[in-house]
Structures are given as C-alpha cells and as structure tokens.
Amino acid sequence: MKPDGKVVLLGDMNVGKTSLLHRYMERRFQDTISTVGGAFYLKQWGPYNISIWDTAGREQFHGLGSMYCRGAAAVILTYDVNNLQSLIELEDRFLALTDTASTDCIFAIVGNKVDLTNEYALLLETEEENRPEKPVTGCISTKVQKQVHLDDAVALYKKILKYKMLDEKDVPAAEKMCFETSAKTGYKVDYLFETIFDMVVPIILRQQAEGPLQTVEITNYKSAKRTKSGCCA
Ligand SMILES: Nc1nc2c(ncn2[C@@H]2O[C@H](COP(=O)(O)OP(=O)(O)OP(=O)(O)O)[C@@H](O)[C@H]2O)c(=O)[nH]1
Ligand SMILES: [Mg+2]
C-alpha cells in the first residue's frame, strides 16, 4: 500500500525527533538511540494513510535528507529550546533539504524539550486543558532558562517564506506554525501532529487530483508493505 501523503521530521541530532514520533505513535517516552538513516510510521487519518518519516540528524546522514523530503506535504523542522545552535542549524543545514518537497508543502517549526525549562510550570498553568497525561514531578532544581524563544522560531518561519518565495498571506500564520513541545511529558505533542495532519489533507487531495507523478517515492516501495513502521538504513 502506498501512503497518500508524507510528513517528514528534520532537525539536528539529539533534539528529540524520534522521541516526539514515538510519544505520538506509541504513547510513551523511552530511551532512544541516535537514528541511523531513517524510518517511518504510518498513521491513518480519516480515509488517508500518512507516512511520517523520522530522519537522522547526524551530519554523516545529511545527504539522505532531501531524498526523504521528496514529495513531502509537510516538513516539521525540530530544534531543542535549550540549544540555540539547533535552531541555527535548521536554517543553515536543513532548510535546503526541503527543496524536493511538494510545491505546496507546509512547514512547522517545533521547539522540543520545553519540560526542562523554568517556564514549563507556567505553560502548564496557562494551558490547563492541554495538561500532559502525567503531571511532572521533581527536577525543579535542574530547570534552566530557555535559550530559544518562540519569537526566534517565528523569525525563522518568516525566513523560510522568503527562501520559498511565498507570501505571508498565502500560508498559515507563523504563530500557528511554531510549536513548543515535550516528548517527555507529552505536552502539545498530539496537538502538533494533529494540526499538521489536518493541514495535509487538502495537499493530499491536490496531489491526488494532479496524479501520482509528483509524489512518486522511491524510498518506501519496499518498506511500505509493512503495516506499522519500517526502516531503510
Ligand atoms: N527532557 C527531555 N528530553 C528529551 C525530550 N525529547 C527527547 N529527549 C531526550 O533527548 C535525547 C535525544 O532524543 P532523540 O529522540 O533520540 O533525538 P533525535 O532528534 O531523534 O536524534 P537523532 O536521531 O540523532 O537525530 C534522548 O536522550 C531523549 O531521551 C524531551 O521532550 N524532554
Ligand atoms: Mg532520532
């Protein structure tokens, strides 16, 4: 079975791409090992099958990135809110990989590991209804000042629009496409993926109306046979 649409997670090593996807699909957080190559999950969304690709952030796998992005309907650019360099890398190293994505690809910018910051308690209070499954306890002494603020992500989003020569009027607003998450606690993880899936549906419809040419995916012919997740290291 061929997926109807494709979502790709990109970002530096250690920012938590695998953990985010794992949290969303498996509903838990556990130790990860640094990703080699790439792997994907299939998510049923209404009548559609969406493949969500987890990529390797390590430099030596960089060349694979544009292959994974081929025909993508959405790209989730992920950084670590406690690591400014990881945001800079998105612009310097990862943005160009999205040249192979679908022409109407949507972009989300995600700052992960927000649970480690001293702002997290406040975020929880103001987002009462989005509380994680389990309240976070302890570790207060290890909380740190956030290094990257939402404004920085919004600024990057605007740079992406420039790079893609898109008009702000024609795309979702920056504020809507910049997220802060915690794969560890689950904070905003469902919200992130489900917002993206909803936005991907019209792109799938458009891709299907235009025929398969634009979305041919060499990468998953073999592994797509598997129902849950595959690996093509
Ligand atoms: N506190 C905290 N730790 C996290 C979070 N997400 C991931 N981590 C930890 O950060 C480390 C890296 O997470 P991964 O999910 O493997 O990172 P990755 O982006 O997939 O890294 P590569 O596969 O090398 O590109 C692991 O030790 C995770 O347990 C989070 O939301 N909060
Ligand atoms: Mg990984």
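Quick caveat: nothing in here was measured; it's all calculated off a predicted structure.

Undergrad: Looking at this structure, I do not really get the site of ligand 1. What am I missing?
TA: Taken together, 21 residues sit near ligand 1, with Ser19, Thr32, Ser34, Gly57 and Asp115 positioned nearest. One of the side-chain nitrogen or oxygen atoms of Lys17 is found 2.7 Å away from an oxygen atom of ligand 1. One nitrogen or oxygen atom from the side chain of Thr18 is found 2.8 Å from an oxygen atom belonging to ligand 1. Protein contacts shield 88% of the accessible area of ligand 1, which totals 650 Å² for the unbound molecule. The pocket occupied by ligand 1, as judged from atoms lying within 2 Å of grid points, is the largest pocket. For the shell around ligand 1, the element with the most residues is helix H1 (residues 17-26), which contributes three residues.

Undergrad: Is there a simple way to think about unusual backbone geometry in this case?
TA: Positive phi outside glycine occurs at Lys113, with the angle close to 70°. As for its position among the elements, Lys113 is in the loop between strand E5 (106-112) and helix H4 (120-126). Residue Met165 is not a glycine yet carries a positive backbone phi of 55°. Along the polypeptide, Met165 turns up in the loop between helix H5 (150-163) and helix H6 (174-177). Looking at Met165, the relative accessible area reads 74%, which means it is exposed.

Undergrad: So what exactly am I meant to see when it comes to empty space enclosed by the protein here?
TA: Rolled over the atoms, a probe as big as a water molecule pinpoints where empty space is left. Applying the stated criterion to the full structure yields two cavities of 30 Å³ or more. Looking at the largest cavity, its volume works out to about 50 Å³. Considering the residues around the largest cavity, the lining is formed by Leu10, Gly37, Thr55, Ala56, Phe61, His62, Leu64, Gly65, Tyr68, Phe94 and Leu97. Here the lining of the largest cavity is composed, by residue class, of seven nonpolar, four polar and no charged. Computed from the structure, the second largest cavity encloses a volume of approximately 40 Å³. The wall of the second largest cavity is formed by Cys105, Ile106, Phe107, Tyr157, Leu161, Leu166, Val171 and Pro172. Within the residue set of the lining of the second largest cavity, elements represented by two or more residues are E5 and H5. In terms of residue class, the lining of the second largest cavity is built from eight nonpolar, no polar and no charged.

Undergrad: Sorry, what's going on with the confidence of the model for the chain here?
TA: Detailed reading of the predicted model is not advised wherever pLDDT is low. The share of residues in the chain with pLDDT of 70 or more is 84%, and the mean pLDDT across the chain is 88. This stretch, residues 220-228, has a pLDDT under 50; its non-local contacts, to residues over four places away or in other chains, come to 16 contacts. As a predicted assembly, this complex carries a pTM of 0.88 together with an ipTM value of 0.99.

Undergrad: Is there a simple way to explain the side chain of Thr35 in this structure?
TA: Mapped onto the elements of the fold, Thr35 is located in the loop between H1 and strand E2 (38-45). On the basis of relative accessibility, which here comes to 15%, the residue Thr35 falls in the buried class. Only 2.8 Å separates the side chain of Thr35 from the side chain of Thr18, close enough to count as a polar contact. Non-local contacts of Thr35, meaning those with residues more than four positions away in its chain, are made with Thr18, Asp54, Thr55, Ala56, Arg58 and Phe61.

Calculation criteria
Residues numbered from 1 in each chain as written. Chains lettered and ligands numbered in written order. Predicted model: local features only at pLDDT ≥ 70, side-chain atom pairs only at ≥ 80, totals over all residues. Heavy atoms only, no water. Near = heavy atom within 4 Å. Polar contact = N/O pair within 3.5 Å; in protein donor to acceptor, adjacent residues only side chain to side chain. Areas by Shrake-Rupley, 256 points an atom, 1.4 Å probe, with all protein chains shown as cover. 1 Å grid on protein atoms, 1.4 Å probe; cavity = no way out; pocket = protein on both sides within 12 Å on 5 of 7 lines; lining within 4 Å. Sits in = over half its atoms within 2 Å of the grid points. Helix = DSSP H or I, 4+ residues; strand = E, 2+ residues; numbered from the N terminus. Buried < 20%, exposed > 50% of the residue type's maximum accessible area, 1.4 Å probe, protein only. Points joined across faces, edges and corners; volume = space filled by probe spheres on them. Nonpolar A, V, L, I, M, F, W, Y, C, P; charged D, E, K, R; others polar. pLDDT = per-residue confidence, 0-100. Contact = heavy atoms within 4.5 Å.

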